[in-house]
Amino acid sequence: VAPRWITTLIVVIGAAAALMILWCGAERCKHRCRGQQPPPPPALVIGNGTYIGQVFSPLDWARHDRSKAAPLFNEWGYEVVDEFDVEKRRFLTRLDNFVAEVKRKVRQAPGRLLVPILFFSGHGFEAPRGQQF
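Structural notes, computed from the coordinates. (Residues numbered from 1 in each chain as written. Predicted model: local features only at pLDDT ≥ 70, side-chain atom pairs only at ≥ 80, totals over all residues. Heavy atoms only, no water.)

**Here's the deal with the pattern of salt bridges**
Part 1 of the argument: The full count for this structure, using the stated rule, is 6 salt bridges.
Part 2 of the argument: In this structure, lysine 105 and glutamate 79 form a salt bridge, with 3.3 Å as the shortest nitrogen-oxygen distance. With lysine 105 in helix H4 (residues 88–108) and glutamate 79 in strand E2 (residues 79–84), the pair connects residues that are 26 residues apart, well separated along the chain.
Part 3 of the argument: Judged by its relative accessible area of 38%, glutamate 79 is partly exposed. (Salt bridge = Lys/Arg side-chain N within 4 Å of Asp/Glu carboxyl O. Helix = DSSP H or I, 4+ residues; strand = E, 2+ residues; numbered from the N terminus. Buried < 20%, exposed > 50% of the residue type's maximum accessible area, 1.4 Å probe, protein only.)

**What about the sheet that holds strand E1 (residues 42–47)?**
Part 1 of the argument: Across the sheet, which stays open at both edges, the 3 strands sit in the order E2-E1-E3 with parallel pairing between neighbours. For this open sheet the edge positions go to E2 and strand E3 (117–121), each flanked by a neighbour on one side alone. Neighbour-to-neighbour, the strand axes of the sheet open up by a mean angle of 10 degrees, direction not taken into account.
Part 2 of the argument: Where E1 meets E3, 5 bridges bridge the pair, whose relative direction is parallel. If you follow leucine 44 over to E3, its bridge partner there is leucine 118.
Part 3 of the argument: On top of the sheet, helix H3 (residues 60–75) reaches E1, E2 and E3; it is set at about 170 degrees to E2, its chief contact.
Part 4 of the argument: The strands that H4 touches are E1, E2 and E3; relative to E1, the one it contacts most, it runs at about 165 degrees. (Pairing = 2+ DSSP bridges. Axes fitted to C-alpha atoms, helices over the stretch in contact; angles between N-to-C directions. Contact = heavy atoms within 4.5 Å.)

Here it is, written out as structure tokens:
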């Protein structure tokens, strides 16, 4: 059984590849992007292992997942914002900033493929019908 961060990473990479194939298309991208250096795509990496009020038990693996994912995205050329154990207000602020950065980079290079990554490691929940979130 693969560690959670590897499973999550595989899902992210698969989604990015699907978006690239569906949205850009190899020939269209070559034609539109010739000679231009694209802006580095943004990646927001958050690991929440401790929660205020201790409603949930601490998660040791959230710190581990985050510490493995952030350098990997950086190595792949992403501009990484890396956070650990953020409370709700800071999380929402970081998320708003991330969305604004994605929009800014899309305006910088119209027609270019931009695959932002939002990586979260922390508590999720399972709905009554077995759906996991």
